[in-house]
Amino acid sequence: MLKKSQRNLLMKHLIYLDNNSTTPVDPLIKQSYCSALDSWANPSSSHYLGRKARQALASSREIVAAALHVSSEEIIFTASATEAINLALQSLFSEVNTAAEVVYSSVEHPAVIETLQFLAKNRRCILRPLPVGKEGFVKVEALEKAVNDKTRLIITMAANNETGIKNDIAAIAALAERHTIPLMVDAVALFGKERFTMPKGVALLCISGHKFHGVVGAAALFIDKSLKLPPFILGGGQERGLRAGTENLPAIAALAQAVSMLDELLPAAQLHMEQLRNDFEEQLKERLCGFVAINGSESLRVVNTSNVLFKGMDGESLLYSLDRAGVAASLGSACSSGSLEPSPVLLNMGLTLQQASSSLRFSFSRMNSQEETARAIEIICREVERLTSV
Ligand code: PLP
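Here goes a summary of the coordinates provided. Starting afresh in each chain, residues are numbered from 1 along the sequence in its written order. Reporting in this predicted model follows two pLDDT cut-offs: at least 70 for local features of residues, and 80 or more for side-chain atom pairs to be given and counted; totals over whole chains, interfaces and linings ignore these cut-offs and use all residues. The side-chain figures draw on all heavy atoms in the structure; neither hydrogens nor water molecules are used.

**With respect to the overall build of the protein**
Argument step 1. The helix and strand tally for the protein stands at 13 helices and twelve strands.
Argument step 2. On the principal axes, the C-alpha backbone points of the protein span a range of 65 × 55 × 35 Å.
Argument step 3. Burial status follows relative accessibility: with a 1.4 Å probe on protein chains alone, a residue under 20% of its type maximum counts as buried, one over 50% as exposed, and anything between as partly exposed. Split into buried and exposed, the 390 residues of the protein put 54% on the buried side.
Argument step 4. Whether two residues are in contact is decided by their heavy atoms, any of which lying within 4.5 Å being enough. Partitioning the intrachain contacts of the protein with sequence separation of at least 6 by distance along the chain shows that 73% fall at a separation of at least 24. Put simply, DSSP H or I for four residues or longer makes a helix, DSSP E for two residues or longer makes a strand, and each gets a number counted from the N terminus.

**Quick word on the packing of helix α3 (residues 48–68) against helix α8 (residues 249–260)**
Argument step 1. Only the contacting stretch of a helix is used when fitting its axis, a line to C-alpha atoms as for every element, and angles between N-to-C directions run 0 to 180 degrees. Here α3 crosses α8 at 35°, and the two axes come no closer than 9 Å. For the element pair α3 and α8, the recorded crossing hand is left-handed. Facing Ala53, Ala56, Leu57, Ser60, Ile63, Val64 and Ala67 of α3, the residues of α8 in contact are Leu249, Ile252, Ala253, Leu255, Ala256, Val259 and Ser260.
Argument step 2. When grouped by side-chain class, the residues that make up the contact of α3 with α8 number twelve nonpolar, two polar and no charged. Handedness of a crossing follows from how the near helix is turned relative to the far one, being left-handed for an anticlockwise turn of less than a right angle and right-handed for a clockwise one. Ten residue types, Ala, Val, Leu, Ile, Met, Phe, Trp, Tyr, Cys and Pro, are classed as nonpolar, four, Asp, Glu, Lys and Arg, as charged, and the remainder, Gly among them, as polar.

**Here's the deal with the sheet that holds strand β10 (residues 305–310)**
Argument step 1. The rule for pairing is simple: two strands pair if DSSP sees at least two bridges between them. Taken together, three strands build an open sheet; the order of strands is β9-β10-β12 and the sheet is antiparallel. The open sheet has two free edges, formed respectively by β9 (292–294) and β12 (359–363), since each of these has just one partner strand. Adjacent strand axes in the sheet meet at a mean angle of 30° when their direction is disregarded.
Argument step 2. With three bridges joining them, β9 and β10 adopt antiparallel strand pairing. Pairing of Ala293 across the sheet is with Leu309, part of β10.
Argument step 3. Running over the sheet, helix α9 (residues 262–287) touches β9, β10 and β12 and is turned about 15° from β10.
Argument step 4. Across the sheet, helix α10 (residues 315–325) is in contact with β10 and β12; its angle to β12 comes to roughly 40°.

**Structural notes on the site of the ligand**
Argument step 1. Summary of the distance rule: residues count as near a molecule or strand when at least one heavy atom falls within 4 Å of that molecule or strand. Lining the immediate environment of the ligand, one finds 13 residues, of which Ala81, Thr82, Asp186, Ser208 and Lys211 sit closest.
Argument step 2. Ala81 is positioned with one of its backbone polar atoms (N or O) 2.8 Å from an oxygen atom of the ligand.
Argument step 3. The separation between an oxygen atom of the ligand and a polar side-chain atom of Ser208 is 2.7 Å.
Argument step 4. What sets the accessible areas is the Shrake-Rupley method with a 1.4 Å probe; for residues, cover comes only from the shown protein chains. Burial of the ligand by the protein chains amounts to 94% of its free accessible area of 390 Å².
Argument step 5. Residues that form the shell around the ligand fall into these classes: four nonpolar, seven polar and two charged. Polar contact criterion, stated in full: a pair of N or O atoms within 3.5 Å, where within protein one must be able to donate a hydrogen and the other to accept it, and residues adjacent in sequence count only if both atoms are side-chain atoms.

**Description of the sheet that holds strand β2 (residues 75–78)**
Through backbone hydrogen bonds, the strands of a sheet pair up, either in parallel or in antiparallel fashion.
Argument step 1. In spatial order, the strands read β2-β8-β7-β6-β5-β3-β4; together these seven strands make up an open sheet with mixed pairing. Pairing within the sheet leaves two strands with one partner each, and these edge strands are β2 and β4 (126–130). Strand-to-strand twist of the sheet, defined as the mean angle between neighbouring strand axes without regard to direction, takes the value 20°.
Argument step 2. Here three bridges tie strand β6 (residues 183–186) to strand β7 (residues 204–208), and the two strands are oriented parallel to one another. Its bridge partner being in β7, Met184 is matched across the sheet by Leu204.
Argument step 3. Strand contacts of helix α4 (residues 81–92): β2, β5 (151–157), β6, β7 and β8 (219–223), with the helix running at about 160° to β7, the strand carrying the most contacts.
Argument step 4. The strands touched by helix α7 (residues 169–178) within the sheet are β5 and β6, with β5 carrying the most contacts at an inclination of about 175°.

As structure tokens, this is what we get:
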């Protein structure tokens, strides 16, 4: 056990490489959050303070809508992307329908997979998972074969949160449009890390504020105006009647601030993250020659994510050692990291149980530095050597 003083010192020098689970709050975004706390009135109230809060909510919605090139009526704020996904899926499949099929990539986030399994169990849809193979992405030809006239929805993520592997959303959206099937895109692992233009043909899309330096508590769901969904949460009729409950204005304002900073920040931030990630991988491969492999490196990946296989090692032991030495990484998806199970995503890509259990995810943000990457490499190499020599 570390003493409190040692723990404090470690926290101060902690190298945070778990940005796909959540990101540190940007100081400017924190300012927006704090000043929105001063507009504490309920946006549904009709008095002056309520009207001010309503205006702030409307302008946040406009900012998010503009970034996605959609109209503000098509944006719904939720507390998390998990909630946005639940809203979309549970509303779309609110009735028993033993014919409606959902075609989705087999490596979707648990928010998608678990919700779909719940719906299927309740006879509201039939599941058609699409294998992604060792490349880790949806093959458009395979998707073309998987859809039919019973397909009610296609779901693909823009990028996978564990491997960073991207899907060709433009090609998938074109296919969905050709077949007039709604397409839902989970853009959480990509939006805010790379430039993203939502292609025509996307019917539903979600982003989450805390994944790009906003605060936890606000996400946005785009719902194409042609899609008419029944309410998900009943009550006072907020969010176009789909998601009742007083809006979390400070977190929403922070999300809008995070979005509004992207235009200016992202070109340099994207290059910065890519350089850090690439240097990190190059140095690891050089220093631990033959002992590491980068999962998914043959496919197109989002710039900030590295999934490293430490051959023959126990990933959990390495994760804990790194944590004690001051490097925060993750094993599998952060949302299920409490269980530390080998990643179903990696298993789906054909890795063995042993390989999946030996893989760790390192995810960078624009706030990481080259100096941190260099220190992380030193610590990782040291810990790998220590663990393999005992
Ligand atoms: N989708 C992806 C790809 C994610 O990585 C996550 C979170 O890790 C989610 C959805 C859920 O996001 P939230 O934490 O906002 O519920």
